[in-house]
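Analysis of the macromolecular model
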Amino acid sequence: NSSTSALFYITVIIYCGFSFLKIAQNKFIFKFNGAINGYLFFLLVLFCSFLWQRTEVYYSTRLITVAQIVLVCSLTAQWINCKNDVYLAIECLVWSNVVNCIYRLLAGGIQEVSSSKVVGTTAYIAVTLVIVFAFALFLYKEDQKKIYLLCAGFFFIVGLMTASRKAVLGFLIVVVIQFALKDKRIFKNFLLVFAILALFWIVLSHVEIFSYAYKRLQQLLDFTSGADTTVDASSQTRQLMRAVGWESFAQHPFLGYGVGYSYTFLQFGTYLHNNFIEVGVSLGIVGL
């Protein structure tokens, strides 16, 4: 909405100003690396896609969005020069998302979570919370500061409250990577992971505010195991999206159809719920 987008743009302007000051301190030498070059190439392919795309409805909005991301990532690369700078960037991401979660909960997330289905202010940050959950655990393991463990717990709770299955599976993957692969004591590490996952499952299945997340995860397990092929319409729709996306990609694999094809010609009204297939359909092998 207008209030959050205004806050976003104000924050971006402040951040860009800070980054430009860093560039000025480095005698206006702009550093390019492999990631920035990849971003710029992707932006170029997206910009040129108007030459072959089937619809221009989403062209300008997607171009602006990607250009913003490329700008922020490129500016960030200018001030990250050492390990301490990387730590600072991770700390900023963790604390900014603490604020993000508090804002969304105060804006109506708590009331929405208490209902039978989570929508709205908390429902769109699930993957972000998985990422910053991993960052918070990393900072705790590096510095042994319990405040980062509390941050990780906060992200975990809000992530489960979104009832996103990607969040649930993402948290599980992060826990396995962080604890099972931390050193060579494989047996002990896997016992620890098993204990954590058992506790995780108990909490998910017995705490009321996580009941909808548990129900959706159970539906996904039933659907993937073939125990029930009708219980979860969401999984069926996403499976159909992936199948249609693959078929469309196979017909125009090199350059794709241009952005917005899944919204208009495929008539789903949204993206294909698989970022790789969506980019493949939109920009083909070149963009992917």
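Just above, that's the structure.
Just so it is clear, the structure is predicted and the values come from calculations on it, not from any experiment.

1. Focus: the packing of aromatic side chains
Within a pair of aromatic rings, the relevant descriptors are the distance that separates the centres and the angle that separates the planes. Taken as a whole and judged by the stated rule, the model has 15 aromatic pairs. Seen from their ring centres, phenylalanine 47 and phenylalanine 50 are 6.1 Å apart, and the 70 degrees between their planes marks the pair as edge-to-face. Between the aromatic rings of phenylalanine 133 and phenylalanine 171, the centroid separation amounts to 4.9 Å while the plane-to-plane angle is 75 degrees, which identifies the pairing as edge-to-face. Within this pair, whereas phenylalanine 133 is found in helix α5 (residues 126-143), its partner phenylalanine 171 is found in helix α7 (residues 165-180), the two being separated by 38 residues in sequence.

2. Description of the layout of surface pockets
Computed from the structure, the second largest pocket encloses a volume of approximately 610 Å³. Considering the residues around the second largest pocket, the lining is formed by 17 residues, among which Phe42, Arg62, Val66, Ile69 and Val279 are closest to the centre.

3. Examining the packing of α5 against helix α6 (residues 146-161)
Where α5 meets α6, the closest approach of the two axes is 8 Å, and the angle between their N-to-C directions is 160 degrees. In this view, α5 runs roughly antiparallel relative to α6, as classed from their interaxial angle. In this structure, α5 crosses over α6, and the sense of that crossing is left-handed. Judged by residue contacts, Leu129, Val132, Phe133, Ala136, Leu137, Leu139, Tyr140 and Asp143 of α5 engage Lys146, Tyr148, Leu149, Cys151, Ala152, Phe155, Phe156, Val158 and Gly159 from α6. Residue composition of the contact of α5 with α6, grouped by class: 14 nonpolar, 1 polar and 2 charged.

4. Side note on the packing of α7 against helix α8 (residues 186-206)
At a minimum axis separation of 9 Å, α7 and α8 run at an interaxial angle of 155 degrees. By the angle class used here, α7 and α8 are roughly antiparallel. Every pair of crossing elements has a handedness; the one defined by α7 and α8 is right-handed. Only Asn189, Phe190, Leu192, Val193, Ile196, Leu197, Phe200 and Leu204 of α8 make contact with α7, whose side of the interface consists of Val168, Leu172, Val175, Val176, Phe179 and Ala180.

5. Things to note about a nonpolar patch on the surface
Residues Phe41, Leu44, Phe47, Phe50 and Leu51 make up a contiguous nonpolar surface patch of roughly 530 Å² in combined accessible area. Since its relative accessible area comes to 63%, leucine 51 is described here as exposed.

6. Some remarks on the nonpolar core
In terms of nonpolar packing, the biggest core is built from 35 residues, with Val94, Leu129, Phe133, Phe155, Leu160, Phe171 and Leu204 touching the most fellow members. No other element matches the 9 residues that α5 contributes to this core. Excluding its chain neighbours within four sequence positions, the residues that come into contact with phenylalanine 155 are Val94, Asn97, Val98, Cys101, Leu129, Val132, Phe133, Ala136 and Phe171. Leu46, Val66, Val70 and Leu283 belong to the second largest nonpolar core, which has 9 residues in total.

Rules of the game
- Residues numbered from 1 in each chain as written.
- Predicted model: local features only at pLDDT ≥ 70, side-chain atom pairs only at ≥ 80, totals over all residues.
- Heavy atoms only, no water.
- Phe/Tyr/Trp six-rings, centres within 6.5 Å; stacked < 30°, edge-to-face > 60°.
- Helix = DSSP H or I, 4+ residues; strand = E, 2+ residues; numbered from the N terminus.
- 1 Å grid on protein atoms, 1.4 Å probe; cavity = no way out; pocket = protein on both sides within 12 Å on 5 of 7 lines; lining within 4 Å.
- Points joined across faces, edges and corners; volume = space filled by probe spheres on them.
- Axes fitted to C-alpha atoms, helices over the stretch in contact; angles between N-to-C directions.
- Parallel < 35°, antiparallel > 145°, perpendicular 65-115°, else oblique.
- Left-handed = near helix turned anticlockwise from the far one by under 90°.
- Contact = heavy atoms within 4.5 Å.
- Nonpolar A, V, L, I, M, F, W, Y, C, P; charged D, E, K, R; others polar.
- Patch = residues over 30% accessible without salt bridge, like charges linked within 9 Å, V, L, I, M, F, W, Y side chains within 5 Å.
- Areas by Shrake-Rupley, 256 points an atom, 1.4 Å probe, with all protein chains shown as cover.
- Salt bridge = Lys/Arg side-chain N within 4 Å of Asp/Glu carboxyl O.
- Buried < 20%, exposed > 50% of the residue type's maximum accessible area, 1.4 Å probe, protein only.
- Core = buried A, V, L, I, M, F, W, Y, C linked by side-chain atoms within 4.5 Å.

By themselves these figures say nothing about function.
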